[in-house]
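One letter stands for each residue in the lines below.
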Amino acid sequence: MAIDNLLWWQRGIIYQIYPRSFRDSNGDGIGDLPGITSKLDYLGWLGIDAIWLSPICPSPMVDFGYDVSNYTDVDPIFGTLDDFDEMVREAHRRDIRVIFDFVPNHTSDQHPWFIESRKSRDNPKRDWYIWHDARPDGSPPNNWVSSFGGSGWTWDEQTQQFYFHEFFEQQPDLNWRNPEVRAAMYDALRFWLDRGVDGFRLDAVWFLMKDERLRDNPPNPEYSGDMSPNKKLIAAYNSDRNDMFTVLREMRDVANEYDDRLLIGELYLPIDRLMAYYGPTGDILQMPHNFHLLRQSWDAVHIRATIDLYAGRLPDFAWPNWVLSNHDNPRMASRIGPGQARVAAMLLLTLRGTPTLYYADELGLPDVDIPSEHIQDPEEHTMPGHHAGRDPERTPMQWDASPHAGFTSGTPWLPVSHDYTTLNVEHQKNDPHSMLTMQHRLIALRRSEPALTDGLYAPVLSDGDLVAYTRESSDRSFLMVLNLGSNSQELSLTRLGRQGRIVLNTRLDREGEAVSGSIALRGDEGVVVRLD
Ligand code: TEU
Ligand code: CA
């Protein structure tokens, strides 16, 4: 497939923005849409092609927007629909596309639909949610647990029934078997498509359909006491069910009413199940998000195996993608260490497939410790002792050395890192060896070399801590060699039988170096070699 045949979401780089933490334009300490618009030039400079915004709809903010109380408006804390239209216009003017985070599995308990549904058992909206009688002994209908700890069922005194919630009890699950629910949600998709969004990231989409008989889930044989309580059972009857695909195909049909719109699915699933969400002919989701590098232990054996298992299982019609961090998981620089964060960024941007970057990872920002009195994410409290709280990976973007790193003129909703005076865009832009400079150079290389967008991927047999592979197009070949260890390593190139020159390395100090016979890498180093 030549680069000019690639679609925008195949050729491009996606950049996830957590709107609450990107840029505050009105001094209330919370990021907003005008703040994002004010930083589109930076994103254009960085060289990304699409922004994915975490939810901006009206919400009581129990789960910071993932509890929606109105699917067709903007929460005033982020701005107005006009601000949204302005942001889309300004993004499109810079050839940056906008991907909207859509939350179909559940609403807020403050959504008018749920307020209606809970009024009475015969309310017209009763069947828009999942209500069920207690068992004869008064216990919940089955043993399903919430992803956020505790039972998935909450008792409603007024109507004397339980309702199901995969997440917080303030996030009641919608009943996707109800055609009225599907019609209402498809209209909400059209509302944003009409406003020019280029695609959706579909939240928690593998939970949409539940077993009609509400059968108990089986115990997880892999469970051990140190794991978080939501891992005690295998979600066999309330996730990843085959009757999902009817609904997802309907969503794709809605997107196909418009030109070239992308559907990303948030899917924490084994590789073989993940592939099913492309659909048998690629007619369901174009981009089932691939979290396997994020979930895998960061060593060469596991990472090599993960890359090749995913590449090997990918259907021929399907386009790969890679995610290394997001707003739900520890940041790369904390999870695998600052030295490896550069190596990971090089992996993410040179593997075949669409990368999704997470804001501030380009600076190498680590998780920021949050004093217990400032903790915002309820998950820290619903699953204590498991580091389940997600605030550390959601702290403000760090723009410059001014107070609060230039994120806000007020008091930020979460603190910035203690070293923000140097760990910020302004400082790193002027440092020829910074993480940001490396990321910027790497993205520029990727954009200029078709071999790095649609070139073929092939593993290069390596051992020890090295991950090596080539990317080849008809007229250009690159070799990537990444050292996932902290000790120096050497890769013999005899078997490859090729030579070339280094075009970029993670420390930005070996450009132009000739490579033949073998290549030596320092600890935590990655290199891109252009082969002769
Ligand atoms: O996350 C879905 C979800 O299940 C995550 O909690 C995931 O299992 C875990 O974080 C993996 O590390 C989505 C959103 O990304 C998350 O922010 C929301 O809290 C959740 O859905 C409910 O909408
Ligand atoms: Ca604000």
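As the structure is a prediction and not an experimental result, all values here were calculated from the model.

Draft legend 1. Inspection of the site of ligand 1 at higher detail. Lining the immediate environment of ligand 1, one finds 18 residues, of which Asp 63, Asp 203, Arg 295, Asp 328 and Arg 390 sit closest. Between Asp 63 and ligand 1, the recorded distance is 2.6 Å, taken from a side-chain N or O atom to an oxygen atom. For ligand 1, an oxygen atom lies 2.9 Å from a polar atom in the side chain of Arg 295. Out of a free accessible area of 490 Å², ligand 1 has 92% covered by protein chains. In terms of residue class, the shell around ligand 1 is made up of 6 nonpolar, 4 polar and 8 charged.

Draft legend 2. View of the pairing of strand E7 (residues 199-202). Taking every second residue as pointing to the same face, both faces of E7 are buried, with Gly 199 and Arg 201 on one and Phe 200 and Leu 202 on the other. In the sheet, strand E3 (residues 97-102) pairs with E7 via 4 bridges, with the strands oriented parallel. Residue pairing in the sheet places Phe 102 in a bridge with Leu 202 of E7. Here E7 runs beside strand E8 (residues 262-265); their pairing, made up of 4 bridges, is parallel. Looking at the pairing, Arg 201 lines up with Ile 264 of E8. In the classification by handedness, the crossover that spans E7, the intervening helix H7 (residues 244-255) and the parallel E8 is right-handed.

Draft legend 3. Seen up close, the sheet that holds strand E2 (residues 50-53). The parallel open sheet is built from 8 strands, whose spatial order is E9-E8-E7-E3-E2-E1-E11-E10. Looking along the sheet, the strands with just one partner apiece sit at the ends: strand E9 (287-288) and strand E10 (321-323). Of the strands in this sheet, E2 and E3 are in contact with helix H4 (residues 81-93), which crosses E3 at around 140°. Contacts from helix H6 (residues 179-194) reach E3 and E7 within the one sheet, and its direction differs from that of E3 by about 155°.

Draft legend 4. The packing of helix H12 (residues 338-350) against helix H15 (residues 435-448), seen in detail. Contact geometry of H12 with H15 gives a least axis separation of 10 Å together with a crossing angle of 15°. When the interaxial angle is binned, H12 and H15 end up roughly parallel. The chirality of how H12 crosses H15 is right-handed. Contact residues: Ala 341, Arg 342, Ala 345, Met 346, Leu 349 and Thr 350 in H12; Met 435, Met 438, Gln 439, Leu 442, Ile 443 and Arg 446 in H15. Residue composition of the contact of H12 with H15, by class: 8 nonpolar, 2 polar and 2 charged.

Draft legend 5. Structural context of the sheet that holds strand E17 (residues 514-515). Here we have 6 strands laid out as an open sheet, ordered E12-E13-E14-E19-E16-E17, and antiparallel in their pairing. The open sheet has two edge strands, strand E12 (456-459) and E17, and neither has a second partner. With 2 bridges joining them, strand E16 (residues 500-505) and E17 adopt antiparallel strand pairing. Along E17, the bridge assignment pairs Arg 501 with Ala 514. Strands strand E13 (466-472), strand E14 (477-483), E16 and strand E19 (526-531) of the sheet are contacted by H12, whose axis makes an angle of about 150° with E14.

Draft legend 6. Seen up close, the coordination of the calcium ion (ligand 2). Taken together, the protein donors to the calcium ion (ligand 2) comprise Asp 24 (OD), Asn 26 (OD1), Asp 28 (OD), Ile 30 (O) and Asp 32 (OD), at separations of 2.3 to 2.4 Å. Spacing between the donor residues of the calcium ion (ligand 2) along their common chain follows D-x1-N-x1-D-x1-I-x1-D. Among the residues examined, Asp 28 registers a relative accessible area of 34% and is labelled partly exposed.

Draft legend 7. Region of interest: the packing of aromatic side chains. Scanning all chains against the criterion turns up 35 aromatic pairs. Their ring planes at 75° and their centres at 6.1 Å tell us that Tyr 15 and Phe 22 sit as a pair that is edge-to-face. Assigned by exposure class, Tyr 15 and Phe 22 land together as buried. Within the aromatic cluster, the residues linked to one another by ring pairs are Tyr 71, Phe 84, Phe 100, Phe 102, Trp 113, Trp 128, Phe 191, Trp 192 and Phe 200. For Lys 429, the ring lying beneath its charged end belongs to Trp 45, and the centroid distance is 4.5 Å.

Draft legend 8. Structural context of the domain arrangement of the chain. Parsing the chain into structural domains produces domain 1 (3-105 + 179-442), domain 2 (112-164) and domain 3 (456-531). In this structure, domain 1 and domain 2 have C-alpha centres spaced 30 Å apart. Listed per partner, the contact involves 22 residues of domain 1 and 18 residues of domain 2. With both chains or domains summed, domain 1 and domain 2 bury close to 1,600 Å², and 65% of this area falls on carbon and sulfur atoms. If you look at where domain 1 meets domain 2, you find 1 salt bridge. The salt bridge partner of Arg 135 is Asp 216, with a shortest N-O separation of 3.0 Å.

Draft legend 9. Representation of the environment of Asp 226. As for its placement among the helices and strands, Asp 226 is situated in the loop between E7 and H7. Placed 124 residues apart in sequence, Asp 226 and Thr 350 show a C-alpha to C-alpha distance of 36 Å. A distance of 2.5 Å separates polar atoms of two side chains, one belonging to Asp 226 and the other to Ser 224.

Draft legend 10. Local environment of the environment of Lys 125. Considering the arrangement of structural elements, one finds Lys 125 in the loop between helix H5 (112-117) and strand E4 (131-132). C-alpha of Lys 125 to C-alpha of Val 181: the two residues are 56 residues apart in sequence and 9.3 Å apart in space.

Draft legend 11. Structural context of the environment of Glu 525. Inspection of the secondary structure assignment puts Glu 525 in the loop between strand E18 (518-521) and E19. A sequence separation of 234 residues divides Glu 525 from Phe 291, and the C-alpha atoms of the two residues are 23 Å apart. Among residues more than four places away in sequence, those in contact with Glu 525 are Val 343, Val 481, Leu 482, Asn 483, Asn 505, Thr 506, Asp 509, Arg 510 and Ala 520.

Rules of the game
Residues numbered from 1 in each chain as written. Chains lettered and ligands numbered in written order. Predicted model: local features only at pLDDT ≥ 70, side-chain atom pairs only at ≥ 80, totals over all residues. Heavy atoms only, no water. Near = heavy atom within 4 Å. Polar contact = N/O pair within 3.5 Å; in protein donor to acceptor, adjacent residues only side chain to side chain. Areas by Shrake-Rupley, 256 points an atom, 1.4 Å probe, with all protein chains shown as cover. Nonpolar A, V, L, I, M, F, W, Y, C, P; charged D, E, K, R; others polar. Buried < 20%, exposed > 50% of the residue type's maximum accessible area, 1.4 Å probe, protein only. Helix = DSSP H or I, 4+ residues; strand = E, 2+ residues; numbered from the N terminus. Pairing = 2+ DSSP bridges. Right-handed = clockwise from strand over helix to strand, strands pointing away. Contact = heavy atoms within 4.5 Å. Axes fitted to C-alpha atoms, helices over the stretch in contact; angles between N-to-C directions. Parallel < 35°, antiparallel > 145°, perpendicular 65-115°, else oblique. Left-handed = near helix turned anticlockwise from the far one by under 90°. Donors = N, O, S within 2.8 Å, 3.2 Å for Na, K, Ca; no water. Phe/Tyr/Trp six-rings, centres within 6.5 Å; stacked < 30°, edge-to-face > 60°. Lys NZ or Arg CZ within 6 Å of the ring centre and 35° of its normal. Domains from an automatic or database assignment. Buried area = accessible area lost by both parts, 1.4 Å probe. Salt bridge = Lys/Arg side-chain N within 4 Å of Asp/Glu carboxyl O.

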